[in-house]
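# Chains, contacts and geometry: an overview
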Amino acid sequence: MTGDQRVGPPSFGSERETLRAFLDYHRATLAMKCEGLTDEELKQRSMPPSTLSLLGLVRHMAEVERAWFRRVFEDNDAPMVWSDEIDFQAAYDASASTRDEAFSAWEAEVANSRRVERAADSLDQAGHQPRWGEEVSLRMVMVHVLLEYGRHNGHADFLREGVDGTVGA
C-alpha cells in the first residue's frame, strides 16, 4: 500500500457532515486495503471453507450500498447485483470476478449513495426498508452503512495481512 491518502472526518462539524465524512473515510479505507494487489491476490480467501476475500468484501459492500440507499430511497424492488435473491453472502464468492467488475459496481453504488444522500433535505428523510417492511430515516441508514464498513474493514485488515504475508514467500 502507498501512503495513506484518506481524509479524516472533521473534529467539529454538523451531524450530516460528520456522518458523510466518516462514511467516505471508511469507503477510502476499503479501497486502500485493496490497493496494489492483483486480481488473484484480491481473491485470496481467509481460510477454507470461507469464501471471504478482499474482492468479496468489495462486492459485498456494493450490495450493502445498493440495499440501503437505492432500494430504500429509490426503488424498493431494485435487484441485488450478484444475487437473484436478497443474499448478501453471494457477493463474497468472488472466484469468477475481477477487480474491474467488482470495483466498477462498488464505485457506481457509492456514487449513487452519495447522490441520494446529498439530494435529501434532511437526515430525517424517510425511506422504506423492504426487508423489514418499515420506514427508516436517512440518519439510520448512514449509521448502519458506516457500521457495516467499520466491521468489514476489520476483516479487510486480516485479509490484507494474509495476502502481504504470502507475497514473495
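Residues numbered from 1 in each chain as written. Predicted model: local features only at pLDDT ≥ 70, side-chain atom pairs only at ≥ 80, totals over all residues. Heavy atoms only, no water.

Along its 20 residues, helix 1 (residues 15–34) runs 29 Å from first to last C-alpha, staying within 8% of the 28 Å computed at 1.5 Å per residue. The set of residues buried in helix 1 consists of R16, L19, A21, L23, H26, R27, T29, L30, M32, K33 and C34. The positive-phi residue at the C-terminal boundary of helix 1 is G36, with phi of around 80°. (Helix = DSSP H or I, 4+ residues; strand = E, 2+ residues; numbered from the N terminus. Expected span 1.5 Å × (residues − 1). Buried < 20%, exposed > 50% of the residue type's maximum accessible area, 1.4 Å probe, protein only.)

Time to look at the packing of helix 1 against helix 4 (residues 99–119). Viewed as axis vectors pointing N to C, helix 1 and helix 4 meet at an angle of 175°, and their least axial separation amounts to 12 Å. As judged from the angle between their axes, helix 1 and helix 4 are roughly antiparallel. Every residue of helix 4 that contacts helix 1 at R16, R20, D24, R27, L30, A31 and C34 is listed here: R99, F103, W106, V110, S113, R114, E117 and R118. Grouping the constituent residues of the contact of helix 1 with helix 4 by class yields 6 nonpolar, 1 polar and 8 charged. (Axes fitted to C-alpha atoms, helices over the stretch in contact; angles between N-to-C directions. Parallel < 35°, antiparallel > 145°, perpendicular 65-115°, else oblique. Contact = heavy atoms within 4.5 Å. Nonpolar A, V, L, I, M, F, W, Y, C, P; charged D, E, K, R; others polar.)

Let us now look at the pairing of strand 1 (residues 126–129). By the alternation rule, side chains of strand 1 split into G127 and Q129, which are all buried, and A126 and H128, of which none is buried. Here strand 1 pairs with strand 2 (residues 134–137) via 4 bridges, running antiparallel. For G127, the partnering residue across the bridge sits in strand 2 and is V136. With antiparallel pairing between neighbouring strands as the criterion, strand 1 and strand 2 make up a hairpin whose turn holds 4 residues, including G133 at a positive phi of roughly 70°. (Pairing = 2+ DSSP bridges.)

Applying the stated criterion across every chain, the model contains 1 cavity of 30 Å³ or more. Its boundaries defined by the atoms lining it, the largest cavity holds a volume of some 60 Å³. Lining the largest cavity we find R20, L23, D24, R27, F69, S113, R114, E117, R118 and M142. Those elements giving two or more residues to the lining of the largest cavity turn out to be helix 1 and helix 4. The residue inventory of the lining of the largest cavity, partitioned by class, reads 3 nonpolar, 1 polar and 6 charged. (1 Å grid on protein atoms, 1.4 Å probe; cavity = no way out; pocket = protein on both sides within 12 Å on 5 of 7 lines; lining within 4 Å. Points joined across faces, edges and corners; volume = space filled by probe spheres on them.)

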